[in-house]
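# Structural description and commentary
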Amino acid sequence: MEPTLDGVNLNPASKIRPASTLILVKDHSGKIEVNLVRRSEKSGFMSGKYVFPGGTVNEIDRMDHIWREKLDLSPQMIMERLGGGLDLEEIIAYGISSIRETFEESGIFLATRKSGQHLFGADSSGLESDASPDWLEKAIQFESSVLQFSRLYRWSHWITPKLMQKRYDTRFFLSIVPEKTCCRPDSVEVTESIWIAPEDALQGNLTGEIPLSPPTLVTLHELLKFRNISELQKEIEGRSWGAPIFPRMVLMDNGSVILEPWDPEYENETILINREQLEESILPVGFPFSRIWNNGEVWRPVSA
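Let me sum up the structure you'll find in this document. Numbering of residues begins from 1 in every chain and follows the order in which that chain's sequence is written. Per-residue local features of the predicted model are confined to residues with pLDDT of at least 70, and side-chain atom pairs are confined, for both listing and counting, to 80 or more; whole-chain, interface and lining totals are unaffected and use all residues. Water and hydrogen atoms play no part in the side-chain values, which are based on all heavy atoms of the structure.

## A short note on the overall build of the protein
Quick reminder of the rule: Strands here mean DSSP runs of E at least two residues long; helices mean DSSP runs of H or I at least four residues long; both are numbered from the N terminus. Each residue is assigned to one of three classes by its accessible area relative to the maximum for its type, calculated with a 1.4 Å probe on protein chains only: buried under 20%, partly exposed between the two thresholds, exposed over 50%. Only heavy atoms matter for contacts: two residues are in contact if any of them lie within 4.5 Å across the pair. Reported accessibility uses the Shrake-Rupley method at a 1.4 Å probe radius. Residues are deemed covered only where the shown protein chains occlude them.
In terms of helices and strands, the protein carries seven helices and 15 strands. Counting the 304 residues in the protein, one finds 54% classified as buried. Of all intrachain contacts in the protein linking residues separated by at least 6 positions in sequence, the fraction that spans at least 24 positions is 68%. Total accessible area on the protein is roughly 13,900 Å²; 49% of this is exposed by carbon and sulfur atoms.

The structure is reproduced here in structure tokens:
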């Protein structure tokens, strides 16, 4: 039997698939909240964990001829806003995927009717996704609407560690949405969809009440430094994708440790970790970290 981690078979030769994630952010009483969805326990990747909405880039996302006239930005503006290592077709595919997956999982739709009405929350869009792969194309044609690439910003670029069977090359977009935007889980891929402050989510992860995936944990920690939406807006307007974040995974008899690229031992050929000291090395919310330990259930930041 192949070794497993978090319910996932470990396979160093697994194929890397393109994927997208959308960090949805809104103002709540002057503070930042983010949208998190909890993956189904039946999911083959990070089952039961809280993540940002997202998923793989599929074939219809790549049908550039469908989407060009359904976007609220020109090709030049898309390249200026979201380029940087990607050609136009790739950017559009990643962006379409992020909007589609977010609506499918969380019920939040970044689109506008040509009449000017925004289609953000699950309570106002009047739209439903179905099992057909072209539901998004049919929906925007029926509603005579356009997709809001103007609300997408670059945040980060992640590559799943080696050893995991399912691996992804993921672009993390960020979008700021209106305060009253509602969310709704699809009850298939995800079982919950919540709005929560980054600090509260990180604290919930420490207690095990809101178990986070490693990229979600790192991203929420990054968001702690922004006191409000205005500060975050200034950051994203000039933010690039940055260097790909490609963590290393160290397996142990019970669980594992992920090392981020900024860890002092990341480049070492051999990494020795004292399993007995990990419990005492768990860091409180807000402390910088470069390692994330999984004890078989929850990923928690630990000191190096």
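## Observations concerning the side chain of Glu105
For the record, the criterion: Think of it this way: Lys and Arg go in the positive column, Asp and Glu in the negative one, and His and the chain ends go nowhere. Salt bridges, as used here, are contacts in which a Lys or Arg side-chain nitrogen is within 4 Å of a carboxyl oxygen on Asp or Glu.
Its location among the elements puts Glu105 in helix H3 (residues 88-106). Salt bridges are absent for the buried Glu105, whose nearest opposite-charge side chain, Arg39, sits at 4.2 Å. If we skip the residues at most four places from it in the chain, Glu105 touches Val37, Arg39, Pro53, Gly54, Arg184, Pro185, Asp186, Glu189 and Val190.

## Some details on the environment of Ile196
Along the chain, Ile196 turns up in strand E11 (residues 190-196). For Ile196 and Glu33, which are 163 residues apart along the polypeptide, the C-alpha to C-alpha distance reads 5.0 Å. With sequence-adjacent residues up to four places away left out, Ile196 is seen in contact with Glu33, Val34, Leu36, Ala201 and Ile210.

## Considering the pattern of salt bridges
Counted according to the given criterion, the structure contains 10 salt bridges. The closest approach of N and O atoms between Arg100 and Glu101, which form a salt bridge, is 3.3 Å. Residue Arg239 pairs with Glu235 through a salt bridge whose shortest N-O separation is 2.5 Å. Three or more residues are tied together by salt bridges with common partners; here these are Asp61, Arg100, Glu101 and Glu104.

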